[in-house]
Amino acid sequence: GQQLNQSPQSMFIQEGEDVSMNCTSSSIFNTWLWYKQEPGEGPVLLIALYKAGELTSNGRLTAQFGITRKDSFLNISASIPSDVGIYFCAGPPGGGSQGNLIFGKGTKLSVKP
Amino acid sequence: NAGVTQTPKFQVLKTGQSMTLQCAQDMNHNSMYWYRQDPGMGLRLIYYSASEGTTDKGEVPNGYNVSRLNKREFSLRLESAAPSQTSVYFCASSEMIGTAFGYTFGSGTRLTVV
């Protein structure tokens with residue numbers, strides 16, 4: 001089946017640093033979603049992308065829909081301790097907008113004060 | 001607060017015991033889902049219900065059953081728990097299946113089978 005590959009698997013950074021992570025697929029996606037899961041909680045939607053090349057921001061977070069439609073990127077600027085968590089990419093497979101979401105395995109972010 | 005409510009939050013079962021995980025949403029969503037999350041494995045879909053009255057298998061359905069009781073409620077049952085079912089279980093809902101607006105998740109049920 002289709003898979004989403006996230007990298008890196010984990011990151012250990014200093015407070016104030018910028019963070020970059022990505023998500024790739026061998027198939028085309030028409031929608032990319034980025035979720036954050038804090039310890040002991042369920043994932044929460046951060047950003048949704050609907051168009052190739054689209055760049056969308058949510059505070060210090062910026063996500064991009066890759067022009068090949070096979071990848072997406074999430075950047076966090078000036079990280080703070082509350083950015084700690086697991087970041088998941090997700091999307092409906094098959095090049096459409098329907099069908100169950102599939103999720104990447106996540107990038108675990110740790111921030112040292 | 002509006003959202004997805006899961007009960008219980010924690011549960012310990014002995015191998016062979018049965019239990020039902022409850023999920024309710026108050027957002028008038030049509031579709032509901034059950035996922036399990038294991039370290040390094042991400043979120044894997046167990047069962048889903050595209051609309052009231054329908055249920056379908058996801059990626060890892062073996063050992064589980066579900067019931068869409070009404071539009072609000074979607075339960076997950078383990079008939080005979082096994083240690084391999086030790087996991088964190090998440091319920092989610094969405095306006096429609098695969099919606100580009102994403103899913104709303106509950107806070108999870110941490111299940112340990114000994």
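Whatever comes next refers back to the structure up there.
Quick notes on the rules
- Residues numbered from 1 in each chain as written.
- Chains lettered and ligands numbered in written order.
- Predicted model: local features only at pLDDT ≥ 70, side-chain atom pairs only at ≥ 80, totals over all residues.
- Heavy atoms only, no water.
- Disulfide = S-S within 2.5 Å.
- Helix = DSSP H or I, 4+ residues; strand = E, 2+ residues; numbered from the N terminus.
- Contact = heavy atoms within 4.5 Å.
- Buried area = accessible area lost by both parts, 1.4 Å probe.
- Salt bridge = Lys/Arg side-chain N within 4 Å of Asp/Glu carboxyl O.
- Polar contact = N/O pair within 3.5 Å; in protein donor to acceptor, adjacent residues only side chain to side chain.
- Phe/Tyr/Trp six-rings, centres within 6.5 Å; stacked < 30°, edge-to-face > 60°.
- Buried < 20%, exposed > 50% of the residue type's maximum accessible area, 1.4 Å probe, protein only.
- Core = buried A, V, L, I, M, F, W, Y, C linked by side-chain atoms within 4.5 Å.
- Pairing = 2+ DSSP bridges.
- Axes fitted to C-alpha atoms, helices over the stretch in contact; angles between N-to-C directions.
- 1 Å grid on protein atoms, 1.4 Å probe; cavity = no way out; pocket = protein on both sides within 12 Å on 5 of 7 lines; lining within 4 Å.
- Points joined across faces, edges and corners; volume = space filled by probe spheres on them.
- Nonpolar A, V, L, I, M, F, W, Y, C, P; charged D, E, K, R; others polar.

Engineer: How do you make sense of the state of the cysteines when you look at a structure like this?
Structural biologist: Put plainly, two cysteines are in a disulfide when a covalent bond ties their sulfur atoms together. All names here are of chain A. All chains considered together, the criterion is met by two disulfides over all chains. Here Cys23 connects covalently by a disulfide to Cys89, the sulfurs 1.9 Å from one another. One quick way to see it: the torsion about the S-S bond of Cys23 and Cys89 is about 55°, and its sign makes the bridge right-handed. Of the two residues, Cys23 sits in strand β3 (residues 19-24) while Cys89 sits in strand β9 (residues 85-91), which places them 66 residues apart along the sequence.

Engineer: I tried to follow the interface of chain B and chain A on my own but got confused; where do I start?
Structural biologist: A common measure of how large an interface is: the accessible area buried when the components associate. Taken together, the contact between chain B and chain A spans 20 residues of the former and 21 residues of the latter. Buried area between chain B and chain A, both sides added, is near 1,600 Å², and the carbon and sulfur share of it is 54%. At the junction of chain B with chain A, the criterion picks out zero salt bridges. Linking chain B with chain A are three residue pairs in polar contact (both at pLDDT 80 or more), by the criterion used here. Of all the elements, strand β5 (residues 42-49) of chain B adds the most residues to the side of chain B that touches chain A, at four residues.

Engineer: Mind showing me how you'd approach the environment of Phe103 of chain A here?
Structural biologist: Mapping Phe103 of chain A onto the fold places it in strand β10 (residues 102-103). With 11 residues separating them along the chain, Phe103 of chain A and Pro92 of chain A place their C-alpha atoms 9.1 Å apart. Look past the residues within four positions of Phe103 of chain A in its chain and what remains in contact with it is Leu4, Tyr35, Phe88, Cys89 and Ala90 of chain A together with Tyr35, Leu43 and Phe105 of chain B.

Engineer: Can you help me understand the packing of aromatic side chains in this one?
Structural biologist: Two measures describe an aromatic ring pair: the distance that separates the ring centres and the angle between the ring planes. This structure, assessed with the given rule, holds 10 aromatic pairs over all chains. Summarising the aromatic geometry, the rings of Tyr35 of chain A and Phe105 of chain B are spaced 5.8 Å apart at their centres and angled 90° between planes, so their arrangement reads as edge-to-face. Of the two residues, Tyr35 of chain A is situated in strand β4 (residues 32-37) and Phe105 of chain B in strand β10 (residues 104-105); the pairing between them involves two chains. One exposure class covers both Tyr35 of chain A and Phe105 of chain B, and it is buried. Taking 5.9 Å as the distance between ring centres and 65° as the angle between the ring planes, the aromatic pair formed by Tyr64 of chain B and Tyr89 of chain B counts as edge-to-face. Highlighted residues: Tyr64 of chain B in strand β7 (residues 64-68) and Tyr89 of chain B in strand β9 (residues 87-94), separated in sequence by 25 residues. Here Tyr64 of chain B falls in the buried class, since its relative accessible area comes to 4%.

Engineer: Whenever I open this one, the side chain of Gln6 of chain B confuses me. Can you help?
Structural biologist: Residue and element names in this part refer to chain B. Examined against the element boundaries, Gln6 turns out to sit in strand β1 (residues 4-7). Within the structure, the side chain of Gln6 is placed 2.9 Å from the backbone nitrogen of Cys91, a separation counted as a polar contact. Here the side chain of Gln6 touches Gly108 through a polar contact of 3.1 Å, landing on its backbone nitrogen. Not counting the four nearest positions on each side in its chain, Gln6 is found in contact with Gln22, Trp34, Tyr89, Phe90, Cys91, Gly106, Ser107, Gly108 and Thr109.

Engineer: Hey, could you run me through the nonpolar core in this one?
Structural biologist: Burial of nonpolar side chains together is a common tendency in soluble globular proteins. Membership of the largest hydrophobic core comes to 21 residues, with the highest contact counts inside it found for Trp34, Leu74 and Leu109 of chain A. If you look at the next biggest cluster of nonpolar residues, it comprises 20 residues, including Met32, Val60, Val66 and Leu111 of chain B.

Engineer: Which parts of the structure should I look at to understand the sheet that holds strand β1 (residues 5-7) of chain A?
Structural biologist: Strand pairing in a sheet is mediated by backbone hydrogen bonds. Such pairs are either parallel or antiparallel. All names here are of chain A. Taken together, the five strands give an open sheet; going across it, the order is β1-β3-β8-β7-β6, and neighbouring strands pair in antiparallel fashion. Across the chains shown, the open sheet's two edge strands, defined by having one partner strand only, are β1 and β6 (55-58). Pairwise comparison of adjacent strand axes, ignoring direction, gives a mean angle of 15° for this sheet. Note: β1 against β3, three bridges, orientation antiparallel. In the strand pairing of β3, Asn5 is matched with Thr24.

Engineer: Hey, could you run me through the layout of surface pockets in this one?
Structural biologist: Remark: the empty space left among the atoms is shown by a probe the size of a water molecule rolled over them. In this model, the largest pocket occupies a volume close to 1,200 Å³. Lining the largest pocket we find 50 residues, and of these Phe88 of chain A together with Gln37, Met41, Gly42 and Leu43 of chain B sit closest to its centre. Elements represented by at least two residues in the lining of the largest pocket include exactly β1, β9, β10 and β11 (107-112) of chain A together with β4 (31-38), β5, β9 and β11 (109-113) of chain B. With four residues, the top contributor of residues to the lining of the largest pocket is β5 of chain B. Grouping the amino acids of the lining of the largest pocket by side-chain chemistry returns 19 nonpolar, 22 polar and nine charged.

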